[in-house]
Amino acid sequence: MAATPFRFKQFSLQQDRCALKVGTDAVVLGAWADVDGARILDIGTGTGVLALMAAQRNPVARIDAVEIDEPSAGQAAENAAASPWAVRVRVHRMDVRRMRSSEPYDRILCNPPFYAGEMDSPDTRTGVAKHDGGLTFTELLEVTVRLLAPAGRFVCIIPLNREADLCTIAADRGLFPVRRCVLHYLEGRPPKRVLLELVHGPSPLRQEVLLVEHRPGRFSEAYRRLLAPFLLKF
């Protein structure tokens, strides 16, 4: 029997062959990110969720989605082909560190490997997807600087306790945050994630806060508004 897809309002994602499944971090990033521009790159696309959310929000952009894990890349390509935006979304099974492009990207999106150090997942594919043994922040930002247009923006979601690491590495390469959103999963609990939008050169920083749930099952109004174009429950 075929696995049940994750259904959005305008597209669906099969994810049984993907190393990581669709989660809150990815859908928040996909809805929050600035996706203006003609060319968008999604690094580590997984199921293809960020690429397809960007395609829904931007009706003209050409989107390249890169994934190193072969089964995930294959399923992301199938998800893109089955979507309403098949002609605008291309999935590439490759190591983004080797990627070259004749044209820079206006936006680069990434839900990157979070955890520093050795992989602790017994599943090697999941470990590569979650841990920076697969792609370090330094490597990610070097790729970003190489591929990002002069007026482009890089958008990611990372653990709050690794924000200083990423911003230090980014600043050394001329990238600085212009927009920042602290993500609280549950009211009264400490935040664990931060969304960042970086640009070339120092800029004034816009600060935001987003709460997902007041209590389990009771979603905040801001979260509902943000995800209403995508999630069936809203």
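These numbers were taken from a predicted model, which means no experiment stands behind them. (Residues numbered from 1 in each chain as written. Predicted model: local features only at pLDDT ≥ 70, side-chain atom pairs only at ≥ 80, totals over all residues. Heavy atoms only, no water.)

**Details of the overall build of the chain**
Part 1: Across its full length, the chain carries 7 helices and 11 strands.
Part 2: Taking 2.2 N^0.38 as the reference for a compact globule, 234 residues should give roughly 17 Å; the C-alpha atoms of the chain span a radius of gyration of 17 Å, in line with that estimate.
Part 3: Structurally, the chain occupies a C-alpha span of about 50 × 45 × 40 Å along its principal axes.
Part 4: Residues classed as buried in the chain amount to 51% of the 234 residues present.
Part 5: Sequence-distant contacts, at least 24 apart, represent 72% of the contacts inside the chain between residues at least 6 apart.
Part 6: Carbon together with sulfur atoms contributes 52% to the accessible area of the chain, which is approximately 10,900 Å² in total.
Part 7: Charge separation in the chain, taken as the distance between the mean sites of 31 positive and 27 negative side-chain charges, equals 5 Å. (Helix = DSSP H or I, 4+ residues; strand = E, 2+ residues; numbered from the N terminus. Rg over C-alpha atoms; globule rule 2.2 N^0.38 Å. Buried < 20%, exposed > 50% of the residue type's maximum accessible area, 1.4 Å probe, protein only. Contact = heavy atoms within 4.5 Å. Areas by Shrake-Rupley, 256 points an atom, 1.4 Å probe, with all protein chains shown as cover. Lys, Arg positive; Asp, Glu negative; His and termini not counted. Charge placed at Lys NZ, Arg CZ, Asp CG, Glu CD.)

**Details of the sheet that holds strand 7 (residues 148–159)**
Part 1: Read across the open sheet, the 9 strands follow the order 5-4-3-6-7-9-8-10-11; overall the sheet is mixed. With one partner strand each, in any of the chains shown, strand 5 (89–93) and strand 11 (218–219) form the two edges of the open sheet.
Part 2: Sheet analysis places strand 8 (residues 175–186) next to strand 9 (residues 193–200), joined by 8 bridges and oriented antiparallel. Of the residues in strand 9, the one forming a bridge with Pro177 is Leu198.
Part 3: Contacting strand 4 (62–67) and strand 5, helix 3 (residues 70–81) runs over the sheet at an angle of about 165° to strand 5.
Part 4: The sheet contacts of helix 6 (residues 163–172) involve strand 7, strand 8 and strand 9, and relative to strand 9 the element is tilted by about 5°. (Pairing = 2+ DSSP bridges. Axes fitted to C-alpha atoms, helices over the stretch in contact; angles between N-to-C directions.)

**Some thoughts on the environment of Leu195**
Part 1: Structurally, the position occupied by Leu195 is in strand 9.
Part 2: In this structure Leu195 comes out as buried when scored by relative accessible area, which is 0%.
Part 3: Leu195 sits 38 residues away from Ile157 along the chain, and the two C-alpha atoms are 4.3 Å apart.
Part 4: Not counting chain neighbours up to four residues away, the residues in contact with Leu195 comprise Val28, Leu29, Trp32, Cys156, Ile157, Arg179, Arg180, Cys181 and Leu183.

**Brief notes about the packing of aromatic side chains**
Part 1: Considering all chains together, one arrives at 6 aromatic pairs under this definition.
Part 2: Ring centres 5.7 Å apart and planes at 75° place the aromatic pair Phe11 and Trp85 in the edge-to-face group. Taken together, the residues Phe11 in the loop between strand 1 (6–7) and strand 2 (12–13) and Trp85 in the loop between helix 3 and strand 5 connect sequence positions 74 residues apart.
Part 3: Exposure remark for Trp85: the relative accessible area of 9% places this residue in the buried category.
Part 4: Taking the centre distance of 5.6 Å and the plane angle of 20° together, the rings of Phe219 and Tyr223 count as stacked. In terms of burial, Phe219 and Tyr223 fall into one category: buried.
Part 5: An aromatic cluster is defined as three or more aromatic residues linked by ring pairs; in this entry it consists of Phe6, Phe8, Phe11 and Trp85. (Phe/Tyr/Trp six-rings, centres within 6.5 Å; stacked < 30°, edge-to-face > 60°.)

**A few points about the confidence of the model for the chain**
Part 1: Predicted confidence across the chain gives a mean pLDDT of 92, with 91% of residues reaching 70 or more.
Part 2: When the criterion is pLDDT under 50, residues 115–133 qualifies, and its contacts beyond four places in sequence or with other chains add up to 36 contacts. (pLDDT = per-residue confidence, 0-100.)

**Overview of helix 3**
Part 1: Compared with the 16 Å implied by 1.5 Å per residue over 12 residues, the 16 Å span of helix 3 between its first and last C-alpha is a close match.
Part 2: Listed in full, the buried residues belonging to helix 3 are Ser72, Ala73, Gln75, Ala76, Asn79 and Ala80. Looking down the long axis of helix 3, one finds its buried residues gathered within 170° of arc, a one-sided arrangement. Turned more than 90 degrees away from the buried face of helix 3, the exposed residues are Glu70 and Ala81. (Expected span 1.5 Å × (residues − 1). Arc of directions from axis to C-beta.)

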